[in-house]
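The primary structure of each chain is shown beneath.
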Amino acid sequence: MSPKTGKRGPGARPHSRDPGHPRRIDRDELLAGLDRAATAAVTIIAAPAGSGKSTLLRAWADRQDKQHRLAIVQVQRDQQDAQLFWLALLKAVRGVSGDPVGAEPSTASPDFSGAAMVDRILSELTGQAERVSLVIDDVHELASPETFAQLTRLLTNLPQDVHAILATRRDLPLRLHQLRLAGDLAELRAADLRFSEAETRALLSASGIALSDTAVARLHERTEGWAAGLRLAAISLTDHPDPERFVAEFTGSSRTVAEYLVAEMLERLPQDVQNLLLRTSILQRVNGELADLLTGRPGSERILLGLEDANAFVVSLDPERTWFRYHHLFADLLRLELRRILPDEVRTLHRRAAGWLTDKGLIIEAVRHLQAADDWSDAAAVLSDHAFGMMLDGQEESMQTLLEAFPQNGVTFPDLSVVRTMVDLVHGRLDEAAAHLAVTDSSLAWVPEDRRYRLRAAIASLNLSLARRRGNLADVIRHAEFLNTPPSVVREEEFALGNDLRVVALMNLGTVEAWSLGRSDGVRHLQEGADLARKIGRPYLEVACRAQLGFAVRLSGIRYARKRCEEAIALAEEHGWGSAFILAPALVTLAGSMVWMGEFDDAERILQRADVALRADCGPGIGTLLHLAKGMLHAGRGRLREAAEEFATAHELQSRLSDPHALASNVTGWLLATQARLGYAADGRSSLATLDSPLIDSGEFRNARAVICLGEGDPAGALAAVAGVIDGHAPVVHLATVIEARLLAALANHALGELKQAQDGIEQALELAEPGRIILPFVMTGAGELLEAMPRNQTAHAALLTDILDVIHGGSSSATTPPLPAAQELSSTERRVLRYLPTNLSRPEIARELSISVNTVNTHVRNIYAKLQATDRSSAVERARELRLLATGSPR
């Protein structure tokens, strides 16, 4: 580029088709960014070697019109003599005025004064008729502190129509804080100059290189958009017989890249800096303390900070600038040079790094370094000792990756059996997990004493998890007792492990109690586990406990169970575990709650999430619950064949459990009832007669018998079947079973011509369903005709009735607003009064409808206003509809 005009010299045209060299492409967005930056008084472009700074300046200069004068100077390498720089700049400035000679000589002299030269340059720039830009490239080559002081004075005193652009490889010692505060300093950094993936593709295309999208993305990722790396890769790719393979193998050790980095970067650094870079190149990330250990000398953090400031392919990873990494290609080169220069120290460096990382609890990185050192036995021991904590932190995928890195040529490492067990459990491979546990148990005698308790505790914990997954309550209790009995002498790390294991014991015990027996203790144990997990900082375990709590509290009401599930899901999503298998119980229980409340579309979306969470693990326990929820959804939508298939799958899965599932009577009862509704009542009765189950007298089985009777045309038999459910003698899983029994009795009474009893049964079912807004039984039982015939002025539940009929007619209810906090829940009588507020009835008329006094109505209305934060009847109705306490439309 000509220093006078800013135009290119011969042979430097931007789009020449030079074989073996990539064509330049137009980077319009980057040039536009420089144009915007050039509106400030001073623009600094700071980026590492090969980032395209000079290319950017040339392209920008070529775009300027004739009225924009450019004074361009490129600082020579190792410019020790400041006088030469200032003379070159003065000459360039005089050139923009068309008077390159000037009145005063501009040759070097012994009595040179930098301050005087700055004054002369400012004098030349003052009064220019056209806009002028000073363009100074490679400013980092200046070596004199005095030069930078004088350059600061020049830049802070530029005339109004003069702009300066400086390009440098590192941050400069210029005191430009006043310009920055005034908004007159703009900066372009390495990140701004990086090629985007689209620009990478354009560069390759302009060079006649065709690559797949995957290969382009890979090349962009390896070079991190570094211009020189991309251009060197393009040169190597020209006429390469297998471009895709070249990209797959492209690293900083490739000859063209290595030669460039050695010449432009490594050889220009002091020896102690080179030594640090080489010895720490084995690390994926480095901090000062770890670098001190590997180099054997202090002061590494200062060097790392200086390298980042110098744009020397060192990048800080945290706001505090304590951890760093090297550019991918630079790190490749450093590792190549380390193997060439210090081959005998590589394994030692890996071992030192592993020891430090283990002490800091960075186990994954520590194991990788031991594997890199071929120290397989120690790698297996470290992974085994810390695998339990890793599993609790949700790092099972990393554990699997580390396992795959061990030799597969017949060499066995007993320590790894416990790790393989954990991974098998995570992925639902229960038989394989049991086999690996047996191997681990048999090897305890050969384990050193100081590691034996840790391994025994891990074995007990895994046995506990395995027993829970198989629904074996006796084994769960036995293994939980061991975990709750710490050894007499406990080391500090074993104390921490003991807390972890206690949470696991509580979680598994509570889960089995809730799932297998429906015990209330399950809620208490799961809540204790969640609280302890939070206290000791184990969010993964806390999510696991809270996900199980959603199912365990279902007897407290569908709304409450739903709330607990949503809390677990929100906590999991905070940590990025929105599709983790530990969240599956909350997802499935939430979907089931939505189905109960008639929100079929929302339930379907949640079940799809549950399928993702369980893609690698759908054991019989959670599988039973999943297929039961899917069957409920199909039944609610009238898809009886699909519902029967899901209920049959759930029935088969629950048969694999050692103890009955808490919802076993629901599963079998609905399977038989659905078969009867499909026209196979006789088959259902036959199956019912052959069942040998302690649940045969449960409310769910009695309801199934009633459906069979109705299918056989025996309404009296149906009434006899549900009598024990209605009067409370038959045990039931949930209130919904009683609602279903009331509806079946209403259908039977209607068939017998007892219309008043049928209507009373419907009203009683609505009364029971109102607090939890339970809709599904009304849909599943086929009570739509009775509901349609229900006089609206004879029910206190018109809004709920409206919602039920909307669902029956093909809609899907939706709850977009969360329920009131527990302290603000409306009482059952307040809910009854609320149903009349959307009507035109006065308070005395409402009192007559409800057979209560006007004063009582007034009291309830005041309470409703307070709880709904409403000021009048209209706002109370609006708020109630937002909260789904009233239907959104007018009552039918």
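Because the structure is a prediction, the values reported are computed rather than measured.

Here is what the cut-offs are and how they apply
- Residues numbered from 1 in each chain as written.
- Predicted model: local features only at pLDDT ≥ 70, side-chain atom pairs only at ≥ 80, totals over all residues.
- Heavy atoms only, no water.
- Helix = DSSP H or I, 4+ residues; strand = E, 2+ residues; numbered from the N terminus.
- Buried < 20%, exposed > 50% of the residue type's maximum accessible area, 1.4 Å probe, protein only.
- Areas by Shrake-Rupley, 256 points an atom, 1.4 Å probe, with all protein chains shown as cover.
- 1 Å grid on protein atoms, 1.4 Å probe; cavity = no way out; pocket = protein on both sides within 12 Å on 5 of 7 lines; lining within 4 Å.
- Points joined across faces, edges and corners; volume = space filled by probe spheres on them.
- Nonpolar A, V, L, I, M, F, W, Y, C, P; charged D, E, K, R; others polar.
- Polar contact = N/O pair within 3.5 Å; in protein donor to acceptor, adjacent residues only side chain to side chain.
- Contact = heavy atoms within 4.5 Å.
- Salt bridge = Lys/Arg side-chain N within 4 Å of Asp/Glu carboxyl O.
- Pairing = 2+ DSSP bridges.
- Axes fitted to C-alpha atoms, helices over the stretch in contact; angles between N-to-C directions.
- Core = buried A, V, L, I, M, F, W, Y, C linked by side-chain atoms within 4.5 Å.
- pLDDT = per-residue confidence, 0-100.
- Parallel < 35°, antiparallel > 145°, perpendicular 65-115°, else oblique.
- Left-handed = near helix turned anticlockwise from the far one by under 90°.
- Arc of directions from axis to C-beta.

## Side note on the overall build of the protein
And step 1. For the protein, the helix and strand inventory stands at 45 helices and eight strands.
And step 2. Classification of the 892 residues of the protein by burial places 53% in the buried group.
And step 3. Accessible area for the protein stands at about 39,100 Å²; split by element, carbon and sulfur atoms hold 50% of it.

## What to know about empty space enclosed by the protein
And step 1. Throughout the structure, instances matching the rule amount to seven cavities of 30 Å³ or more.
And step 2. As a volume, the second largest cavity reaches approximately 270 Å³.
And step 3. Along its surface, the second largest cavity is lined by 20 residues, and Phe 551, Arg 554, Trp 596, Leu 625 and Leu 663 are the ones closest to its centre.
And step 4. If you list the elements that add at least two residues to the lining of the second largest cavity, you get α28 (558–574), α29 (584–596), α31 (620–636) and α33 (664–677).
And step 5. At five residues, α29 tops the list of elements feeding residues into the lining of the second largest cavity.
And step 6. Within the lining of the second largest cavity, the residues separate by chemical class into 13 nonpolar, six polar and one charged.

## Points about the side chain of Glu 830
And step 1. Secondary-structure assignment places Glu 830 in helix α42 (residues 828–834).
And step 2. Within the structure, the side chain of Glu 830 is placed 2.9 Å from the backbone nitrogen of Ser 827, a separation counted as a polar contact.
And step 3. Within polar-contact distance, the side chain of Glu 830 engages the side chain of Lys 867 at 3.1 Å.
And step 4. Every residue in contact with Glu 830, bar those within four places of it in the chain, is listed here: Glu 825, His 860, Asn 863, Ile 864 and Lys 867.

## Regarding the pattern of salt bridges
And step 1. As enumerated under the stated definition, the model contains 40 salt bridges in all.
And step 2. Between Arg 63 and Asp 28 there is a salt bridge whose closest N-O contact spans 3.8 Å. Here Arg 63 is found in the loop between α2 (53–62) and β2 (68–74), whereas its partner Asp 28 is found in helix α1 (residues 28–37), with 35 residues between them in sequence.
And step 3. A relative accessible area of 44% places Arg 63 in the partly exposed class.

## Re the pairing of β2
And step 1. Among the seven residues in β2, five count as buried, and that is most of the element.
And step 2. Judged from the seven bridges that link them, β2 and strand β3 (residues 131–137) form a sheet pairing that is parallel. Looking at β3, one finds that Leu 70 is bridged to Ser 133.

## Section: the sheet that holds strand β7 (residues 314–316)
Think of a sheet as strands paired side by side through backbone hydrogen bonds, with each pair either parallel or antiparallel.
And step 1. In spatial order, the strands read β6-β8-β7; together these three strands make up an open sheet with antiparallel pairing. Looking at which strands have only one partner, the edges of the open sheet turn out to be β6 (286–287) and β7.
And step 2. With two bridges connecting them, β6 and strand β8 (residues 323–326) associate as antiparallel partners. Paired with Asn 287 across the bridge in β8 is Trp 323.
And step 3. The strands touched by helix α15 (residues 300–309) are β6, β7 and β8; relative to β7, the strand with the most contacts, the crossing angle is about 105°.

## Some remarks on the sheet that holds strand β5 (residues 185–188)
And step 1. Strand order in the open sheet made by the five strands is β2-β3-β4-β1-β5, with parallel pairing throughout. Each edge of the open sheet carries a strand with a single partner, namely β2 and β5. In this sheet, adjacent strand axes meet at a mean angle of 15° when their direction is disregarded.
And step 2. Across five bridges, strand β1 (residues 42–46) lies against strand β4 (residues 162–168) in parallel orientation.

## Some remarks on the nonpolar core
And step 1. Counting residues in each nonpolar core, the largest one holds 150 residues, and the members touching the most others are Leu 383 and Phe 778.
And step 2. Ranked by residue count, the leading element in this core is helix α37 (residues 735–751), at 10 residues.
And step 3. Apart from the residues within four sequence positions on either side, Phe 778 is in contact with Ile 739, Leu 743, Ala 765, Leu 766, Ala 769, Ala 783, Leu 787, Ile 804 and Ile 808.
And step 4. Counting residues in each nonpolar core, the second largest holds 60 residues, with Leu 203, Leu 269, Leu 283 and Ala 312 among its members.

## A look at the side chain of Arg 831
And step 1. As for its position among the elements, Arg 831 is in helix α42.
And step 2. Among all residues touching Arg 831, those that are not within four sequence positions of it are Arg 559, Glu 770, Pro 771, Glu 825, Leu 826 and Leu 885.

## Quick notes on the environment of Arg 222
And step 1. By secondary structure assignment, the location of Arg 222 is in helix α9 (residues 213–223).
And step 2. The contact partners of Arg 222, leaving out residues within four places of it in the chain, are Phe 250, Thr 251, His 327, His 328, Leu 329 and Asp 332.

## Observations concerning the confidence of the model for the protein
And step 1. Residue-level pLDDT values for the protein average 82, and 87% of them are 70 or greater.
And step 2. Mean pLDDT values for the elements of the protein range from 67 in helix α24 (residues 473–483) up to 95 in helix α14 (residues 288–295).
And step 3. Low pLDDT, under 50, characterises residues 1–20; the predicted model gives this stretch 33 contacts beyond four residues in sequence or across chains.
And step 4. Note that pLDDT drops below 50 for residues 487–496; the model gives that stretch seven contacts with residues more than four away or on any other chain.

## A short note on helix α18 (residues 363–372)
And step 1. With respect to burial, α18 is a largely interior element, eight of its 10 residues being buried.
And step 2. Among the residues making up α18, those that are buried are Ile 363, Ile 364, Glu 365, Ala 366, Val 367, His 369, Leu 370 and Gln 371.
And step 3. In the core, the buried residues of α18 are packed alongside α17 (346–359), α19 (376–392) and α20 (396–404).
And step 4. The positive-phi residue at the C-terminal boundary of α18 is Asp 374, with phi of around 60°.

## Notes on the packing of α17 against α18
And step 1. It is at 8 Å that the axes of α17 and α18 come closest, and there the two elements cross at 160°. In terms of their interaxial angle, α17 and α18 are classed as roughly antiparallel. Seen from above, α17 lies across α18 with left-handed handedness. For the pair formed by α17 and α18, the contact residues are His 350, Ala 353, Ala 354, Leu 357 and Thr 358 on the first element and Ile 363, Glu 365, Ala 366, His 369, Leu 370 and Ala 372 on the second.
And step 2. In the contact of α17 with α18, the residues fall into seven nonpolar, three polar and one charged.

## A look at helix α8 (residues 197–206)
And step 1. Every buried residue of α8 is listed here: Glu 199, Thr 200, Leu 203 and Leu 204. Burial along α8 is one-sided: seen end-on, the buried residues are contained in an arc of 135°. For α8, exposure combined with an orientation more than 90 degrees from the buried face picks out Ala 198 and Ser 205.
And step 2. Along its buried surface, α8 packs onto α9 and α10 (227–237).
And step 3. Following α8 by one or two positions, Gly 208 has its phi on the positive side, about 75°.

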